[in-house]
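Per-entry structural report
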Amino acid sequence: MQSAKQIPIRKDKLNRKYSTPGNPYNIALGFGLERIFLHLKSLGCNAGVTFFLFESRGKKEDKDLELEFRRLCSRNVTGHQLPFDIILADKRCNSAGLQLVDLIARPIGRKILKPDQPNRAYDIVETKFRRNPEGHVNGWGLKVFP
C-alpha cells in the first residue's frame, strides 16, 4: 500500500521566510490531514471515521495537539469537515504503528537535510510514496515546506 503523504517542514527555511512562522508541527499536521482526506476521497472512501494515533507527550502537549487536530478537521483548505478522530496513546503501549512511523520519519528527514548523503533507508521508503502519473513523488508523496 502506498503511503499517503510525507511532509517534512524545513524549520530553518520557515524561520527565514516568515516573520511570524506558525508552529511547524501544526503546519505539518494540517498538510497531512488535508492530503490524507483527499487521498481517501480519491479512493472512494466517503463514509465512516478514520482514527489517527498519536504518541502522548504530556498533559499540556496532548491538550494542545487535540485542540489543533480538531480545529484543522473543522477549518481547512478542503472546505469539508474532515471525518477524522484522534487517539492519544501512552508511550508504554509500545505500538508497532508508532514504532514504524519513527523508523520511516528519520530517513526522510535526513534526506531532506542532507540530500547528497547516501541514505539506503530512504531509498527503500521512497519506493512506497504516492506518485503522480509521471512517477514523480514531489508534491504527491512528499511535500517539503517551505
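Going by the structure above, here's the rest.
Since the structure is predicted, the reported quantities are computational estimates derived from the model, not experimental observations.

**Examining the environment of Leu38**
Position of Leu38 relative to the elements: it lies in helix α2 (residues 24-42). The partly exposed category is assigned to Leu38, whose relative accessible area is 43%. Sequence separation between Leu38 and Thr78 is 40 residues, and the spatial gap between their C-alpha atoms is 8.0 Å.

**A word on the nonpolar core**
Within the largest apolar cluster, 12 residues are counted, these being Leu29, Leu33, Phe37, Phe52, Phe54, Leu65, Phe69, Leu72, Cys73, Leu82, Phe84 and Ile86. Within the residue set of this core, elements represented by two or more residues are α2, β1 (50-55), α3 (59-74) and β2 (84-89). It is α3 that provides the largest number of residues to this core, a total of four residues. Grouped together as the second largest cluster of nonpolar side chains are seven residues, Ile112, Tyr122, Val125 and Leu142 included.

Definitions and cut-offs
- Residues numbered from 1 in each chain as written.
- Predicted model: local features only at pLDDT ≥ 70, side-chain atom pairs only at ≥ 80, totals over all residues.
- Heavy atoms only, no water.
- Helix = DSSP H or I, 4+ residues; strand = E, 2+ residues; numbered from the N terminus.
- Buried < 20%, exposed > 50% of the residue type's maximum accessible area, 1.4 Å probe, protein only.
- Core = buried A, V, L, I, M, F, W, Y, C linked by side-chain atoms within 4.5 Å.

In short, shape yes, function no, at least from these values alone.
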